[in-house]
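# Descriptive analysis of the structure
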Amino acid sequence: MCGVEVEHRPLAPRMSSSGLTSEAQLRYMLQWFGEFSELQREDFLSILAAARGDNPDQLAATLANLSCQDKPMSLFQCRIKLFNEWYPTWVEEDQDRFVKAVSEADPEFGTKLQDIITNGPQVNGDVFEIVEIVPNVNEHSDENHDSVEENEGQNVPQDNIPVEIAAAS
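What counts, and where the lines are drawn
- Residues numbered from 1 in each chain as written.
- Predicted model: local features only at pLDDT ≥ 70, side-chain atom pairs only at ≥ 80, totals over all residues.
- Heavy atoms only, no water.
- Helix = DSSP H or I, 4+ residues; strand = E, 2+ residues; numbered from the N terminus.
- Buried < 20%, exposed > 50% of the residue type's maximum accessible area, 1.4 Å probe, protein only.
- Contact = heavy atoms within 4.5 Å.
- Core = buried A, V, L, I, M, F, W, Y, C linked by side-chain atoms within 4.5 Å.
- Phe/Tyr/Trp six-rings, centres within 6.5 Å; stacked < 30°, edge-to-face > 60°.
- Lys NZ or Arg CZ within 6 Å of the ring centre and 35° of its normal.

## Focus: the environment of F98
Turning to its location among the elements, F98 is positioned in helix α5 (residues 92–105). In this structure F98 comes out as buried when scored by relative accessible area, which is 0%. Considering only alpha carbons, one finds F98 and L30, 68 residues apart in sequence, at a separation of 7.3 Å. Other than its neighbours up to four places away in sequence, F98 contacts L26, M29, L30, F44, L48, F83 and W90.

This is the structure in structure tokens:
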């Protein structure tokens, strides 16, 4: 032998353009998830579901709702931006580990995520509710006036009281 020692080094972990390994990115995302408020988790739910379901249209629509034109990015938006850069670069095993970890950290979040991935997102208008139309007792036509007087002093069930809802601008 020549007396030359050869040092064997393990392969370097995969580095991203940000200079962080996917393992470091995963740790950051898990830490940030732990810091998300309930509302931020709801926003992140649709983002992760879109990324997990490989649904770029849904992801783009969700991200468009998070952007603020005239304001600087919030810390949450910055973290989501990084997530959207990092997640697609992770190997499937890392993506699975992330989903498993957030689901264990917040089981309700995990259940909702699994439901969205399996059944797709619930869009406004997907759930129909039967609404009973009740005549307006405030209109004082002759026929309504008599029935209003008959009902005075009687308890009217709360679910039969007509309510007007004005749209906020």
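The rest of the description comes next.
## Looking at the nonpolar core
Nonpolar side chains tend toward joint burial in soluble globular proteins. M29, F44, L48, F83, F98 and F109 are the most contacted members of the largest nonpolar core, which has 23 residues in total. Listed by contribution, the elements that provide at least two residues to this core are α1 (22–35), α2 (38–52), α4 (75–86), α5 and α6 (107–119). Broken down by element, the residue count for this core peaks at 6 residues, all from α2.

## Brief notes about the packing of aromatic side chains
Two numbers describe a pair of aromatic rings. These are the distance of the centres and the angle of the planes. Inspection of every chain in the model, using the stated rule, returns 16 aromatic pairs. Look at W90 and F98: their rings are 5.6 Å apart centre to centre, the planes differ by 65°, and that puts the pair in the edge-to-face class. Among the aromatic residues, ring-to-ring pairing joins F33, F36, F44, F76, F83, Y87, W90, F98 and F109 into one connected group. When the ring centre of F33 is taken as reference, the NZ or CZ atom of R41 above it lies at 4.2 Å.

By themselves these figures say nothing about function.
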